[in-house]
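Residues per chain are reported as follows:
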Amino acid sequence: MEINFITLLVAAASTLVTGFIWYNPKVFGTIWMKESGMTEEKMKGANMALIFITSVFYAFLIAMVLQMLTIHQWGAVSMVGGDPSTAKPSFEAFMADYGSSFRTFKHGVFHGALTGIFMALPIVGTNALYERKSWKYTLISAGYWTVSFMIMGGIICAWA
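Analysis parameters
- Residues numbered from 1 in each chain as written.
- Predicted model: local features only at pLDDT ≥ 70, side-chain atom pairs only at ≥ 80, totals over all residues.
- Heavy atoms only, no water.
- Helix = DSSP H or I, 4+ residues; strand = E, 2+ residues; numbered from the N terminus.
- Buried < 20%, exposed > 50% of the residue type's maximum accessible area, 1.4 Å probe, protein only.
- Phe/Tyr/Trp six-rings, centres within 6.5 Å; stacked < 30°, edge-to-face > 60°.
- Core = buried A, V, L, I, M, F, W, Y, C linked by side-chain atoms within 4.5 Å.
- Contact = heavy atoms within 4.5 Å.

## Considering the overall build of the protein chain
Piece 1. The helix and strand tally for the protein chain stands at 8 helices and 0 strands.
Piece 2. Shown N-terminal to C-terminal, the secondary structure of the protein chain runs as helices and strands in the order α-α-α-α-α-α-α-α.
Piece 3. Along the first, second and third principal axes, the C-alpha atoms of the protein chain reach 60 × 30 × 25 Å.
Piece 4. When the 160 residues of the protein chain are sorted by exposure, 35% land in the buried category.

## Some details on the packing of aromatic side chains
Piece 1. For the structure shown, the criterion picks out 9 aromatic pairs.
Piece 2. Ring geometry for Phe20 against Phe52: centres 5.5 Å apart, planes inclined by 90°, an arrangement best described as edge-to-face. Here Phe20, found in helix H1 (residues 5-22), pairs with Phe52, found in helix H4 (residues 48-70); they are 32 residues apart in sequence, far enough to count as distant.
Piece 3. Phe52 sits in the partly exposed class, given a relative accessible area of 30%.
Piece 4. Consider the rings of Phe94 and Tyr98, whose centres lie 5.1 Å apart with planes at 40°: the pair is tilted. Of this pair, Phe94 and Tyr98 both sit in helix H6 (residues 89-98), 4 residues apart, which is roughly one turn of that helix.
Piece 5. Looking at Phe94, the relative accessible area reads 36%, which means it is partly exposed.
Piece 6. Its relative accessible area of 43% is what places Tyr98 among the partly exposed residues.

## As for the nonpolar core
Piece 1. The biggest cluster of nonpolar side chains holds 19 residues, and the ones touching the most others in it are Ala11, Ala63, Met152 and Ile156.
Piece 2. Sorting the residues of this core by element identifies H1, H4, helix H5 (73-79), H6 and helix H8 (135-159) as the ones contributing at least two each.
Piece 3. The leading source of residues in this core is H4, at 5 residues.
Piece 4. With residues up to four places along the chain from it excluded, the contact list for Ala11 reads Ala63, Met152, Ile155 and Ile156.
Piece 5. Within the second largest apolar cluster, 7 residues are counted, among which are Trp22, Trp32, Ala128 and Tyr137.

Here it is in structure tokens:
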């Protein structure tokens, strides 16, 4: 299997769209600003181009991992050491039978949700505990990542 960098870049960019909606003042933006201690003044002094570019880079790294979590066939490739040309005939038979199974947007969303709940929530929650952030902050931030992972997983699973 080959890595589809365009798909991963689209999935990474989707986090910006999700963030623009999620953190809009009419959705969770006002609550998040209050709970995180962010102010309009602090936001004005930021280099937003650098923040967006860096955010997409980080999301691209996440997309690389989500690819392995949402596409089951990567597990089969992993089992042969990453080089299918050295695999036994059973690998070719497996890929012939299951090479395109579970490759839907819906399946990617499912694995993205699991990753959000079992990976993002504990990470964000742990950081929030030590940063003395509220449960509202935790749920808003972890919710954003869970929804982002769901969208990213769907894109990756359906397109890659």
